[in-house]
Protein chains: 2
Amino acid sequence: MSSVITSLWWIAPIASIFALLFAVFFYKKMMAANEGNETMIEIAGHVRDGAMAYLMRQYKVVIIVFVVLLVILQALALFEIQNPFVPIAFLTGGFFSGLCGYIGMKTATAASSRTAQGCSEGLNRGLIVAFRSGAVMGLVVVGFGLLDICIWYFVLDKLVYTTEHMADGWHFLGMELVPADCSVAEKLVHMTTTMITFGMGASTQALFARVGGGIYTKAADVGADLVGKVEAGIPEDDPRNPATIADNVGDNVGDVAGMGADLYESYCGSILATAALGAAVGAHNVMNGTGTEADAIALVTAPMVVAGIGTILSIIGMFLVKCKEGASQKNLLKALLTGTLGSSILIVLALIGMWLGGMIAGGIVLAVISGLAAGVIIGQATEYYTSAEYKPTKGIADQAVMGPATTIIDGLATGMYSAGIPVITIVVGIICAFGFAGGFSDMSMGLYGIGFAAVGMLATLGITLATDAYGPIADNAGGNAEMAGLPPEVRERTDALDSLGNTTAATGKGFAIGSAALTAMALLAAYIEEVKIWIAKLAGEGSFAGFTAEQAEHAGIMDFVDAFELHIMNPLLLCGLFLGGMMAFVFCAMTMKAVGRAAGAMVEEVRRQFREIPGIMEGTGKPDYASCVAISTKGAQREMLMPSLLAIIVPVATGLILGVPGVMGLLAGGLTTGFVLATMLNNAGGAWDNAKKYVEKGAHGGKGSDAHKAAVVGDTVGDPCKDTSGPSLNILIKLMTMVSVVFTPVVVKFSPVIQDFLNIATK
Amino acid sequence: MSSVITSLWWIAPIASIFALLFAVFFYKKMMAANEGNETMIEIAGHVRDGAMAYLMRQYKVVIIVFVVLLVILQALALFEIQNPFVPIAFLTGGFFSGLCGYIGMKTATAASSRTAQGCSEGLNRGLIVAFRSGAVMGLVVVGFGLLDICIWYFVLDKLVYTTEHMADGWHFLGMELVPADCSVAEKLVHMTTTMITFGMGASTQALFARVGGGIYTKAADVGADLVGKVEAGIPEDDPRNPATIADNVGDNVGDVAGMGADLYESYCGSILATAALGAAVGAHNVMNGTGTEADAIALVTAPMVVAGIGTILSIIGMFLVKCKEGASQKNLLKALLTGTLGSSILIVLALIGMWLGGMIAGGIVLAVISGLAAGVIIGQATEYYTSAEYKPTKGIADQAVMGPATTIIDGLATGMYSAGIPVITIVVGIICAFGFAGGFSDMSMGLYGIGFAAVGMLATLGITLATDAYGPIADNAGGNAEMAGLPPEVRERTDALDSLGNTTAATGKGFAIGSAALTAMALLAAYIEEVKIWIAKLAGEGSFAGFTAEQAEHAGIMDFVDAFELHIMNPLLLCGLFLGGMMAFVFCAMTMKAVGRAAGAMVEEVRRQFREIPGIMEGTGKPDYASCVAISTKGAQREMLMPSLLAIIVPVATGLILGVPGVMGLLAGGLTTGFVLATMLNNAGGAWDNAKKYVEKGAHGGKGSDAHKAAVVGDTVGDPCKDTSGPSLNILIKLMTMVSVVFTPVVVKFSPVIQDFLNIATK
């Protein structure tokens, strides 16, 4: 890595500010658009109020959890078994992640009536309004993510680790912030492993958003469908259905806020983990005399620079998205692909240019391309398995003729099959990234390459997320048009946009889990660095300066593996693998049951309203939308706590009982099983959904046929799979790793296995 | 381990012969029982003919696969990259496993009409006939399993590794059978790693039995239910249903033959893996001078002795099973529990006696008890999650009121939850067995302890399998009584027996997967021993004598881990983990889809017969049972090939591409994910089944209500989960490990990673 790249560091903060400015620009453009007639404004208002009310209550729960965790982290910091920056890092991560969710939701709820209005003017107009509103979300996520990272880096680099502090050490409120005699290599390792902990704040916030939002949206959806569509026989989004507003709120709460918080976390996690791995490689090379301090700094700044370049190219890609009037589904998809693939191609060209200019190693460029390619392939495989254009989904629709049971069996089998290509893609991607970066001769460098693959996959997040967040906006626009009684051609246009949104949502989910897997891989490697630092610190009896060359030698990866018996035949590690696999399943079970309970309450309420409110079916009585919103809100709020706490407590408990090998097993098991299970649930759900739509378009007897009824059962089963349990697994995987990273000192200090090692190391 | 135990080795062959003699005794007793009236004999004849016809066609497919594998193994042996005994070992394993299936099936099909007749005489009479027929299966499996092991051990010990051969070496047909200057410690390592390969024959046979049988039984069941019960509205086992004979055949084919072959393999695998681990510990101790050759022999013979004692105590337990007339479900369960728990308690007492007598180490006794206890706890947890007596299954029935979708969601969630306790039990069991055996100070000894936990869990297999195989016999007796039009009180009695059979089937499945997990753990450890031997052999340039002390040192577990980077951060290993997780899911998908396709053909055929055969519904036209049997047979035969080949090809391919780390990852990932997934599928299926029965007994409106229809959907979805995909995973896990063991030399010779190590090792 050339040190020229360090001089390009300014690209990252500039890009992040650019992203935020363009977010404001797109937001203003959207807000300036015609909001439609009074009914449309009123309906949009209901949805916005419901969404904001939910968000506020979610934040209340999150704040309580944050306060508790903050007290624990602060106490640990005071007892010197935690880095004093961690509590602040934890808070900022949580704050920015929550802010992204808030802005994304505010934009999305404002955009629905404007998109509906846009569609009444023309298809391209509707697409532009919806897509640019989605772009606000995409840009806010990458903008705040990168800005947060840059501010931390700047503050630590320029204000904390000053030349003076590094020579004399620096204490603040009795806590040691900078050890005396701190070298540049040490500084980088400390800085990056400090910064990484802000990911735990983001992760925690994201988990609540994904789980809570997922429960909310599916409780409302299942409730609205089971009573409204199936029992009362009224169409989707019919204003007579009391749960219809809650259903529209749910789209925003789950798909916009949840997805945004999830990817914010992956985005930051991938950059920070790669920086931490870079710092480890750099420090090692400096100690061995095979690298300079400037090289080490370049290894740390490189991922930020690549992310910055990706952000700028994403913005350029956004301006490529447009379509002609009367465009077909294929044209629409092509319009979006022009944007996303265009950005990807641009970034590859930019990287090749940097390589030719000698700024970045060719191996790293190839690693980034491995990640990008893996993202594209997983997206395409997801589309193949979930779109009604292809055999698998059509096969499910065929089975619907025989009844609901065969529909479910075939959907489950399709979901299981669909894990094949993504797993092979990730495996090939990992090995390529590792090998290209030189991992087969220098393992640490290979892990750095895997980190860069994650950065590569997420480099174009700005625009990928825009195509994702666009989906629920189009969906809500359709709801708005239906409820406001707009003419059928408007609904046709919103349906065209919505249908496209379903495809991008499925590929987006594949992308989200793929990037989560690569990020978690990088975090897993970074976890080892964290453990090494704390061993050094605690072995040096309470001093950061204990990170001597000798101890660093002790902490070299292979020695580390020996010392902790981090090998596959260590039963503690194998037991961790079992526990990790189990965690993925039990976590899914909890979120699924939660949806069931919340949906049950919703069904009761909708039935009650149909029974008790006179004239509701004739359209003369007004349904009580607010009480349905309140039920979903309360259900989500109550049900999200347990699974979230589990994700935080289990890694710490495993560490204390089984030690570092147990934690490594838990994380590896959770990662691999979670990835496969999430892929299965997402794709089965998507395929059932589209099989139903395929039947509704006329196959096997169309709407109202027995095949349709069976397909609706499949769709209902798929709902919690694809929108609650599956996506929540992304965060479970990352959060467990983040928690392990943050609570490393606790495990290192109190785990019996580690104690043994310390006894040896301090002898 | 005291060498006294070696002098007790004769217990093992004696016990195996005892088991076979008692099998003959029970078989004759059963055959002497009254076969019932002419209709009953005729119906039983149809089922027997169908079952035997299926078995013969299955054997034809299996023989082709065996011939191909045999040619490959023989070719490898001739090129000296395979042990020359392996082809013969492979054959005998397959032969005995197939023989067990054949005898079990012959007994079961002969017992159904006799059990029905017994039930018309009294409940106790029926129970005794059914249980003793099941006992034939249990005793045949442990008898042949132990006999096969003993014969191999005797032949190798007394005829191949003679003092003379060990001194001068022994060649036969140009292949080196015994290396010159072979020490006793080397001899034991070679003998046990040779013997272990006969597990691959058993595994391959078992996979075909489980997968083929599973597809057969569920295709027939789903076909019979969907058209007969749901469309035509006729009861279960009604003679007017053309698929009813195929359904009854399926119970035998899937549950008797499949389960028998599966557990035969676990039983042999656990004993052989433990013996191999014992030989490794012994050899190591001899080289270090910390143990004698007599100790080494004792470590190898101990698992055989314990298995022999367990077999004898199982036979005693069988005579404890009896009940009073008019016994309730609880009494019946107690009757069986007296037998199984009685045997377990006896074996614990025997082991404590041996420990007090100084024959066996206390740590090993505790390891065995860990395994036994884990088996009992997993069984109880399975009952809790699948019996309608408890909350989870009742909860599914409650959801049935809201329709099929919520029934499915709740069942999936219940299945996922239910993985929790079994995983924690296995984890605690593994750590206890490892720790008690002294693993925290001597890792190899700890792994030997884990092997003994598996032996402990399977020690009472004779009687556990009897209670398992009894289920389908009682089920078939019910079918026989229904079709022969016996008086209702007979059907009531067979129903009581059948209902008990459902409980034992569920706990039996938990037991099967639990023992498969422990056995696979032991095999995984034994795999490493196999790799070490082949490294030594190939490093010694083609000579077994290359197994020098220096190379043994090289091959010590920690060096081995270093050399192959068998640690969790090696991306090749992590990629293996991903692939292992994926294999479990894709394998399930294949078997599920296979059931779907075969069931579809069956549905068509049954519909055709109802349409085309005049008077079939009035009972005047005779349905064509044989064509339904033929369809299931053909479907199973065609569909079982692909998943089975996958299980054989993937480990070899992974080894050639990713090397030993990739294989270890694949096996560990397949083991952990497979265990969790199998538990989920088995328990979800069992819970759906019993929720349906609970509704049929009158809950939520009883038979014919909407809740019942929803519960039937759940049951149908659960069928392939619990009877095809879930149980097949047991064998997938074990077979992949077995294939890896057998193809070790190919991987060692051709894998690039290994080549590198060889270059280092031979320098």
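Nothing here was measured: the structure is a model prediction, and the numbers come from that model.

Basis of the calculations
Residues numbered from 1 in each chain as written. Chains lettered and ligands numbered in written order. Predicted model: local features only at pLDDT ≥ 70, side-chain atom pairs only at ≥ 80, totals over all residues. Heavy atoms only, no water. UniProt positions renumbered as here; feature names shortened; annotations may be inferred. Helix = DSSP H or I, 4+ residues; strand = E, 2+ residues; numbered from the N terminus. Buried < 20%, exposed > 50% of the residue type's maximum accessible area, 1.4 Å probe, protein only. Contact = heavy atoms within 4.5 Å. Buried area = accessible area lost by both parts, 1.4 Å probe. Salt bridge = Lys/Arg side-chain N within 4 Å of Asp/Glu carboxyl O. Polar contact = N/O pair within 3.5 Å; in protein donor to acceptor, adjacent residues only side chain to side chain. Least-squares fit on C-alpha atoms with pLDDT ≥ 70 in both. Core = buried A, V, L, I, M, F, W, Y, C linked by side-chain atoms within 4.5 Å. Axes fitted to C-alpha atoms, helices over the stretch in contact; angles between N-to-C directions. Parallel < 35°, antiparallel > 145°, perpendicular 65-115°, else oblique. Left-handed = near helix turned anticlockwise from the far one by under 90°. Phe/Tyr/Trp six-rings, centres within 6.5 Å; stacked < 30°, edge-to-face > 60°. Pairing = 2+ DSSP bridges. 1 Å grid on protein atoms, 1.4 Å probe; cavity = no way out; pocket = protein on both sides within 12 Å on 5 of 7 lines; lining within 4 Å. Points joined across faces, edges and corners; volume = space filled by probe spheres on them.

What follows is about the UniProt feature "site: Determinant of potassium dependence" (unreviewed entry) in chain A. Residues and elements named next belong to chain A. Here the UniProt-annotated "site: Determinant of potassium dependence" (unreviewed entry) positions come out as Ala505. The topology assignment puts alanine 505 in helix α18 (residues 488-539). Here alanine 505 falls in the partly exposed class, since its relative accessible area comes to 24%.

Moving on, we get to the interface of chain B and chain A. Facing the 73 residues of chain B at the interface are 73 residues of chain A. Together chain B and chain A conceal approximately 6700 Å² of surface at their shared face, both sides included; 88% is due to carbon and sulfur atoms. Applying the counting rule to chain B against chain A returns two salt bridges. Seen at the junction of chain B and chain A, the total is five residue pairs in polar contact (both at pLDDT 80 or more).

With that out of the way, let us pick up the relation of the copies chain B and chain A. Structural alignment of chain B on chain A gives an RMSD of 0.0 Å, achieved by rotating through 180 degrees and translating 0.0 Å along the axis. Here the symmetry operator amounts to a two-fold rotation axis. Within chain B, His567(B) has its C-alpha nearest the rotation axis, a separation of 2.0 Å. Of all interface residues in chain B, 100% are interface residues in chain A too; the two copies therefore contact each other through one and the same surface.

Right, let's talk about the nonpolar core for a bit. By size, the foremost hydrophobic cluster in this structure holds 564 residues, and its most contacted members are Leu677(A) and Leu677(B). For this core, the element with the highest residue contribution is helix α21 (residues 571-612) of chain A, accounting for 25 residues. Apart from the residues lying within four places of it in its own chain, the contact partners of Leu677(A) are Ala584(A), Phe585(A), Cys588(A), Leu729(A), Met416(B) and Phe585(B).

What follows is about the environment of Glu121(A). Residue and element names in this part refer to chain A. Looking at the secondary structure, you find glutamate 121 in helix α4 (residues 86-121). Put simply, glutamate 121 and valine 490 are 369 residues apart on the chain and 8.4 Å apart in space, counted from C-alpha to C-alpha. The contacts of glutamate 121, once residues within four sequence positions are left out, are Asn34 and Arg493.

This next bit is on the environment of Leu91(B). Residues and elements named next belong to chain B. Looking at the element boundaries, leucine 91 is found in helix α4 (residues 86-121). Leucine 91 gets classed as partly exposed once you look at its relative accessible area, which sits at 41%. Along the backbone, leucine 91 and phenylalanine 18 are 73 residues apart, and their C-alpha atoms lie at a distance of 24 Å. When sequence neighbours within four positions are dropped, the list of residues in contact with leucine 91 reads Phe66 and Leu70.

Any two packed helices are characterised by how steeply their axes cross, that is the angle between the axes, and by the distance between the axes. All names here are of chain B. Look at helix α23 (residues 641-696) against helix α24 (residues 706-742): their axes get within 6 Å of each other, and the N-to-C directions meet at 155 degrees. Our classification of the angle between α23 and α24 gives roughly antiparallel. Of the two elements, α23 crosses α24, and the hand of that crossing is left-handed.

Two numbers describe a pair of aromatic rings. These are the distance of the centres and the angle of the planes. For the structure on display, the rule yields 32 aromatic pairs over all chains. Here the aromatic rings of Phe95(B) and Phe96(B) are separated by 5.7 Å at their centres, their planes lie at 65 degrees, and the arrangement is edge-to-face. Look at Phe96(B) and you get buried, because its relative accessible area is 14%. Look at Tyr448(B) and Phe452(B): their rings are 5.4 Å apart centre to centre, the planes differ by 90 degrees, and that puts the pair in the edge-to-face class. With Tyr448(B) and Phe452(B) both in helix α16 (residues 443-458), this residue pair falls four residues apart, about one helical turn. Pair check on accessibility: Tyr448(B) and Phe452(B) agree, each one buried. Grouped by ring-pair contacts, the aromatic residues Phe18(A), Phe22(A), Phe25(A), Phe26(A) and Phe319(A) constitute a single cluster.

All names here are of chain A. Where strand β1 (residues 170-172) meets strand β2 (residues 175-178), three bridges bridge the pair, whose relative direction is antiparallel. Residue pairing in the sheet places phenylalanine 172 in a bridge with methionine 175 of β2. Connecting β1 to the next strand, β2, in antiparallel fashion are two residues, including leucine 173 with a positive phi near 50 degrees.

Okay, empty space enclosed by the protein next. In this model, the largest cavity occupies a volume close to 90 Å³. Secondary-structure elements contributing two or more residues to the lining of the largest cavity are α9 (244-288), α17 (461-483) and α18 of chain A.

By secondary structure assignment, the location of Ser344(B) is in helix α11 (residues 329-356). Filtering out sequence-adjacent residues up to four positions away, Ser344(B) remains in contact with Leu372(B) and Thr460(B).

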